[in-house]
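Fold and contact review
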Amino acid sequence: MAELQLREAIREAMSEEMRRDENVFLMGEEVAEYNGAYKVSKGMLDEFGPDRVIDTPISELGFAGLGIGAAMNGLRPIIEFMTWNFSFVAFDQVVNNAANIRYMSGGQFGTPIVFRGPNGAAGQLAATHSNSVEAIYANFPGLKVISVSNPDDAKGLLKSAVRDDDPVLFLESEQMYGLKGEVSDDEDYTLPIGKARVARTGGDVTIVAHNKSYWLAMDAAEQLAERGYEAEVIDPRTIKPLDIETIVESVVKTNRLVIVDESNPFTSFASEVSQQVQERAFDYLDAPVTRVTAADTPAPYAPNLYEAYMPSAEETVEACLSVLYADA
Amino acid sequence: MAELQLREAIREAMSEEMRRDENVFLMGEEVAEYNGAYKVSKGMLDEFGPDRVIDTPISELGFAGLGIGAAMNGLRPIIEFMTWNFSFVAFDQVVNNAANIRYMSGGQFGTPIVFRGPNGAAGQLAATHSNSVEAIYANFPGLKVISVSNPDDAKGLLKSAVRDDDPVLFLESEQMYGLKGEVSDDEDYTLPIGKARVARTGGDVTIVAHNKSYWLAMDAAEQLAERGYEAEVIDPRTIKPLDIETIVESVVKTNRLVIVDESNPFTSFASEVSQQVQERAFDYLDAPVTRVTAADTPAPYAPNLYEAYMPSAEETVEACLSVLYADA
Amino acid sequence: MASSKEVAEESNAQDAANDAPAGDGVAEDTPKGPWTEQSITIPSGPITAEYTFNTYPADAYTHEDIGADEDALLEMFRSMMLQRRFEERCRQQYQKQNISGFLHLYIGQEAVSTGSVHAIRLGEDSVITAYRDHGIGLAMGMEPGPAMAELFGKGTGSSRGKGGSMHFFDQEQRLFGGHGIVGAHVPLGAGIAFAHKYRGEDNVCLCFLGDGAVHQGAFHEALNLASLYDLPLVTIIENNQYAMGTAVDRAAAETDLFKQALSYDMPSSLVSGMDVFSMSKAVQEHAEMARNGQPSLLEVRTYRYQGHSISDPASYRKEGELDDRKSEDAIVRLQRYLTENDIATDDELDAIDDELKQIVLDAIAFAEESDFPDESELYDHVYAQDDYAFLK
Amino acid sequence: MASSKEVAEESNAQDAANDAPAGDGVAEDTPKGPWTEQSITIPSGPITAEYTFNTYPADAYTHEDIGADEDALLEMFRSMMLQRRFEERCRQQYQKQNISGFLHLYIGQEAVSTGSVHAIRLGEDSVITAYRDHGIGLAMGMEPGPAMAELFGKGTGSSRGKGGSMHFFDQEQRLFGGHGIVGAHVPLGAGIAFAHKYRGEDNVCLCFLGDGAVHQGAFHEALNLASLYDLPLVTIIENNQYAMGTAVDRAAAETDLFKQALSYDMPSSLVSGMDVFSMSKAVQEHAEMARNGQPSLLEVRTYRYQGHSISDPASYRKEGELDDRKSEDAIVRLQRYLTENDIATDDELDAIDDELKQIVLDAIAFAEESDFPDESELYDHVYAQDDYAFLK
Ligand SMILES: Cc1ncc(C[n+]2csc(CCOP(=O)(O)OP(=O)(O)O)c2C)c(N)n1
Ligand SMILES: Cc1ncc(C[n+]2csc(CCOP(=O)(O)OP(=O)(O)O)c2C)c(N)n1
Ligand SMILES: [Mg+2]
Ligand SMILES: [Mg+2]
């Protein structure tokens, strides 16, 4: 084990996979000469050279599609979106091409590709630069979506994503790139796609939260503990395929579920978890499944509005208390 | 009242609004000389001329953005997507520009624009031509999303959409364009955006269904009636803003909810309705909210696979019987 | 060959002389550092640039010019004729409702597919196209039976009945589809070429698109990337004059589509799609360029005889236009060439035609007799791991 | 003026002579019918096309040449100097953490904004740009106070604190933003121009974008539409040599960005962005073309002195490159012109500078003293109907 920043864990995963398999390459804006807009790929150009660590023009639609074509022809591209906001100009390539080609070709061609980059709001970046995309992409069959909250999961899941034969969307976080944590240094360290992690056990309420929201949930759990309530915190890690069994198991025990998701609420991942849980654990629920999300507004710039916009540990505590029918 | 096809009702709404307000124009692929890929705009070029009924190259990203810019500068564009599948190449324009400009400019510039076209699967058109987009777009604050099931609603709601000061996405159906129904011929006939329609009253189970699925629900309701169960069928008509009150009111009465939605299930509109209803009517639900959707796969071409892929009246009946705890 | 690129470099050299912006071509040779090599000093006089584009007109080449022996010529005839007979039946089968969904026929454009396939290393080089894909599929050797079965949506179809008309794929022959979103497959073509180069193979990718697809951003982004990375890609615009009901000159501000290459410092040529020899010649020369690391663009002028899809009456044509174009028919042209040069007699060609008609009837029979896919296949091929539990 | 367009038509006339594809320009005059006017007969010889691009070098124009009297000249000086002083303080305020999010400084490019604004009918013509928007905003007359307050995220900000640095808008002066997604505002520019034409106004839209934005499909689709519909649009590429850390010649296969116009049958010119006179002259002439229904493209060669954003050390520059460019500084250039031509003394200019510095300090004071927006404003301006019940 070594202590790494999230960005270092991601870099290590990419570098190890590139050493292991020469069909793996990294392509994106500023990934090579500039060492990455957020320094995730720092030093990789030096190690792997310009044929495998490739700078692109600002052409997401073009290079996302180029990656998919390369994957159809035997390579395993890692395509970096500087942020997932910019994937919207490449949306058609991801949802119509990467997702469908295996199916449309009757299994003749696969698209083993990883699209990765930071997701969600990252401070006062305003409306067009604060999108959370997990729900939108997870709606499309054929795609797998991963969203990580810590360096160890990032390394293990990114390595699995690169080895996976299907298109995987890997969501990171700009504000967590500096986050440190213990990371396995096993060159073959992989984590299974589609398995949630029970990060904290407790019998009173279940909190499901991924990416940055996971830390709000852990913070809220601490505050609840001080009030005598034990929250079970589950990091789904994979958005799709969703490990609903682990979540249901917990709800059967706690009879209460709060989902923290920094996306806009309407048709969000939180809505999906809620629907699936109430369908499978209806008789076990003692309170409505409750979500804590961003406001249903674009992201504002002003610091106070931005704070009001984002979900918080406090709101999470309140939501838990309300499903516990305890007064705040 | 006159009996019109869906396509005629849409045409009448557009033509009346263009006669009323010269700032309204229609732009899209094949809308003018060809009279529309599905003949929705038949005759409009003759009436309004090439300056107001405008053919475009196959440049959805370009002309969607052109429409938004024109809206910022005082016009009221109606942009036709030949089908909503093709809106994915214009995705960024719709979700980042149309949706956010009013907010980002602090209210200085609005984007009164209507994007319209057929949505959803329309027969054996395979994976890239069968997308249902309502959930994806409704996730974005700043957008309004309407999906219609009949000519009268289409006319009243499209006229409201054109007069609305915000961007409205208007979802039709290729397979319903020939569907006939009585339509008001009042030149000022508008229906409020954000109001659901209770199409059939019943006390045993509530079925929420929009667009083509509405007809599956009505069919299912008939079959249930024969078995002695009265279903209440609600057509939300507006996806966002959602008229949750009308739905909750019904569920409070029936204590059971089935949602029919031909989209892929994960993070679908059905998931959102389910989440909101169980949050607001938790104590009234006698059974889990149940959805009937397309399979969680891309749309296949083969007729038998396609049939298995799509939701059906039979599945809807089964879902209702299961929430009624009656055996099929 | 005189290519726009070389000339462009000349004219740039000359630009440089009157100290205009330097740096053209720098993208080709890896720059010494990440910094700009461009000057911000603007030359005083106007800048002029001259470009030359090769042309490949009809009736300009003999079979020796394209290195085709007599067997190869008869193969070309078979290939074009098979496409036509196959699609004539498709129309009929659609009316019989054995085929559903969209059906876009290639009739009239057969010289483009056949000439291109003749020019490449079939099975090693790669090909990708849009939804008007029956012709190229058959020209590449897809079996008529599974092809027809795909249109019928049968389990024996080339894509197991999952794709239909718009999605012909053939892993063996390296046909990468069959794509339905206009222009969206062009970046895929660049990626397929990228993989060839990445592995150090000297194979190329031919990427076909329609005249209407030129107006999709994807086309432009892909061409810039192909040129920037020196990808072995030949991008071939099948300008059949219409995009659905929209004439090419009602959609393109610059109606000479081959000039699109100028923005990407790429050679381009203009080719007749009504002569299989011209097509083969052009694709041979440009594929060769691609093998040497120079991507290029071809604009092919051709014509579709049928409507855009089976449901289109094509009333947008000018009166007499269709007959006019049909008088250029590529199959008739080759037929004439073969007989006039005593390579084959009309009877021999008729015999081949009869044989092909029978092959198509057999394909229909095969499709009819085949079963629809098992319902469980709905959940196959969504992911590599079939039958994912969570799907159901 | 000799424009690429006219020459293109010449060369096409000549093409036509050796019976090359006709139809160029057809897109301009409405075609008689929906059918194609294009020939599919391919000319035998190679096709050549020659293009000419006007240039607007630095130090080539006097103030009379651009119709500026002495007051106007001093206005230009004030305008450029205000931008620079304002942004120097922005940097400092960012370090003080009064400004957050992204901050992209325009320092070095002031002649582009000021020259362009001088060339148009301010308040009637329209302007749209990307996120590096402080300069154009101030040049168009946005008040420094509300501008700075926007950067501070205050309720008195020009966008009520909702947009920040990337989203300057001014309805009064017709600045349509301030946009953050690279290239995505270019179609908006076409649409703004479309509305001017639709209403029969003789106003134009200036659309500024960066050298990096040329590689977005949106740019290409928008230019084709602008040319096809004859929109009063002047598209201005501010080629400041870098897109973030990527030099223009590491991203563009064709590094002469002005040649992008060839694909859209549009005139284009190359302009020095380091001389406010050259900018004004170029925009005047091209805006005039636009008023007459001819859209065009300008490539402006300029340079940003700061990093891409406040957090960028800009270590990708060549050694000495920055000083080299700074020696071309547009403000110094105008200063020299004013003094050498006895239009103003150094003291007078210093006095103006001092005054501007004070204006910026007052703007900061205004921003500091202003309140943050009321929390309820989070839900305002999502829709025209404020405070939609369903939002909360
Ligand atoms: C992005 C997108 N927009 C619209 C369509 C609908 N559409 C299908 S084919 C077609 C015309 C394409 O014409 P062209 O590229 O010339 O190819 P051709 O049909 O002539 O072979 C259109 C508009 C689509 N499939 N994809
Ligand atoms: C579609 C998209 N991709 C990536 C980005 C991230 N990004 C912001 S600015 C920038 C560089 C743009 O350079 P240029 O167009 O030359 O403008 P300049 O910054 O030089 O003014 C990039 C890549 C973005 N905002 N939008
Ligand atoms: Mg065509
Ligand atoms: Mg730049």
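Read on for an overview of the structure.

On to the relation of the copies chain C and chain D, then. Under the fitted operation, chain C is carried onto chain D by 0.0 Å of movement along the axis and a turn of 180 degrees, and the coordinates agree to an RMSD of 0.0 Å. As the rotation angle and translation indicate, the two copies are arranged about a two-fold axis. The rotation axis passes nearest to the C-alpha of C:Gly217 in chain C, at a distance of 1.7 Å.

Let's shift gears to the site of ligand 2. The environment of ligand 2 is made up of 21 residues, and the closest members are A:Glu60, D:Tyr131, D:Arg132, D:Gly180 and D:Tyr242. In the environment of ligand 2, a nitrogen atom lies 2.9 Å from a nitrogen or oxygen atom belonging to the backbone of D:Gly180. Interatomic distance of 2.9 Å between a side-chain N/O atom of D:Asn240 and an oxygen atom of ligand 2. Relative to its unbound accessible area of 590 Å², ligand 2 is 95% covered by the protein chains. For the shell around ligand 2, a count of residues per class yields ten nonpolar, seven polar and four charged.

Once that is clear, we can look at the coordination of the magnesium ion (ligand 3). All names here are of chain C. With distances of 2.0 to 2.1 Å, the protein atoms coordinating the magnesium ion (ligand 3) are Asp211 (OD), Asn240 (OD1) and Tyr242 (O). For the magnesium ion (ligand 3), the single-chain donor residues occur in sequence as D-x28-N-x1-Y. Taken as a pair, aspartate 211 in the loop between β3 (205–210) and α7 (217–228) and asparagine 240 in the loop between β4 (233–239) and β5 (242–243) lie far apart in primary sequence, 29 residues in all. For aspartate 211, a relative accessible area of 3% corresponds to the buried category. For asparagine 240, a relative accessible area of 6% translates into the label buried.

For the rest of this paragraph, the subject is the sheet that holds strand β10 (residues 205–209) of chain A. All names here are of chain A. In space, the five strands of this open sheet follow the order β9-β11-β10-β13-β14, with mixed pairing throughout. Both outer strands of the open sheet, β9 (197–200) and β14 (290–293), are each paired with one neighbouring strand and no more. Going across the sheet, the axis of each strand differs from the next one's by a mean of 25 degrees, ignoring polarity. Bridging between β10 and strand β13 (residues 257–261) involves four bridges; their strand directions are parallel. Of the residues in β13, the one forming a bridge with isoleucine 207 is valine 258.

Moving on, we get to the packing of aromatic side chains. Summed over the entire model, instances satisfying the criterion amount to 48 aromatic pairs over all chains. Relative to B:Phe115, the ring of B:Phe81 lies with its centre 5.6 Å away and its plane at 10 degrees, an arrangement referred to as stacked. Taken together, the residues B:Phe81 in the loop between β4 (76–80) and α4 (91–98) and B:Phe115 in strand β5 (residues 114–118) connect sequence positions 34 residues apart. This pair shows no difference in class: B:Phe81 is buried, exactly as B:Phe115 is. Measuring from centroid to centroid gives 6.4 Å for C:Tyr242 and C:Tyr303, while their planes differ by 70 degrees, and the two rings are edge-to-face. Of this pair, C:Tyr242 sits in strand β5 while C:Tyr303 sits in the loop between β8 (296–301) and α10 (321–326), and the two are 61 residues apart along the sequence. Like C:Tyr242, the residue C:Tyr303 is buried in the burial classification.

This part takes up the pattern of salt bridges. Residues and elements named next belong to chain C. Taken as a whole and judged by the stated rule, the model has 89 salt bridges over all chains. Note that glutamate 110 and arginine 84 form a salt bridge whose closest N and O atoms lie 2.9 Å from each other. Within this pair, whereas glutamate 110 is found in helix α3 (residues 110–119), its partner arginine 84 is found in helix α2 (residues 70–95), the two being separated by 26 residues in sequence. An identical accessibility class is assigned to glutamate 110 and arginine 84; each is buried.

Time to look at a negative patch on the surface. On the surface, A:Asp219, A:Glu307, A:Glu314, A:Glu315, A:Glu318, D:Asp374 and D:Glu375 cluster together to form a negatively charged patch. Ranked by the residues each element gives to the negative patch, the list is headed by helix α12 (residues 313–323) of chain A, at three residues. With respect to the secondary-structure elements, D:Glu375 resides in the segment after α12 (346–369).

On to the site of ligand 1. Neighbouring ligand 1 are 21 residues; B:Glu60, C:Tyr131, C:Arg132, C:Gly180 and C:Asn240 lie closest to it. Here a nitrogen atom of ligand 1 and a side-chain polar atom of B:Glu60 are 2.6 Å apart. One of the backbone nitrogen or oxygen atoms of C:Tyr242 is found 2.9 Å away from an oxygen atom of ligand 1. Starting from 590 Å² of accessible surface for ligand 1 in isolation, the protein chains cover 95%. Of the residues assigned to the shell around ligand 1, the class counts are ten nonpolar, seven polar and four charged.

Glancing now at the sheet that holds strand β14 (residues 290–293) of chain B. Adjacent strands of a sheet pair through backbone hydrogen bonds, lying either parallel or antiparallel. All names here are of chain B. On the basis of which strands lie adjacent, the open sheet formed by five strands has the order β9-β11-β10-β13-β14 and mixed pairing. Only two strands of the sheet have a single partner each, and these edge strands are β9 (197–200) and β14. Between one strand axis and the next, the sheet turns by 25 degrees as a mean value, whatever way the strands run. Note: β9 against strand β11 (residues 231–235), three bridges, orientation antiparallel. If you follow valine 198 over to β11, its bridge partner there is isoleucine 234.

Cut-offs used in this document
Residues numbered from 1 in each chain as written. Chains lettered and ligands numbered in written order. Predicted model: local features only at pLDDT ≥ 70, side-chain atom pairs only at ≥ 80, totals over all residues. Heavy atoms only, no water. Least-squares fit on C-alpha atoms with pLDDT ≥ 70 in both. Near = heavy atom within 4 Å. Polar contact = N/O pair within 3.5 Å; in protein donor to acceptor, adjacent residues only side chain to side chain. Areas by Shrake-Rupley, 256 points an atom, 1.4 Å probe, with all protein chains shown as cover. Nonpolar A, V, L, I, M, F, W, Y, C, P; charged D, E, K, R; others polar. Donors = N, O, S within 2.8 Å, 3.2 Å for Na, K, Ca; no water. Helix = DSSP H or I, 4+ residues; strand = E, 2+ residues; numbered from the N terminus. Buried < 20%, exposed > 50% of the residue type's maximum accessible area, 1.4 Å probe, protein only. Pairing = 2+ DSSP bridges. Axes fitted to C-alpha atoms, helices over the stretch in contact; angles between N-to-C directions. Phe/Tyr/Trp six-rings, centres within 6.5 Å; stacked < 30°, edge-to-face > 60°. Salt bridge = Lys/Arg side-chain N within 4 Å of Asp/Glu carboxyl O. Patch = residues over 30% accessible without salt bridge, like charges linked within 9 Å, V, L, I, M, F, W, Y side chains within 5 Å. Lys, Arg positive; Asp, Glu negative; His and termini not counted. Charge placed at Lys NZ, Arg CZ, Asp CG, Glu CD.

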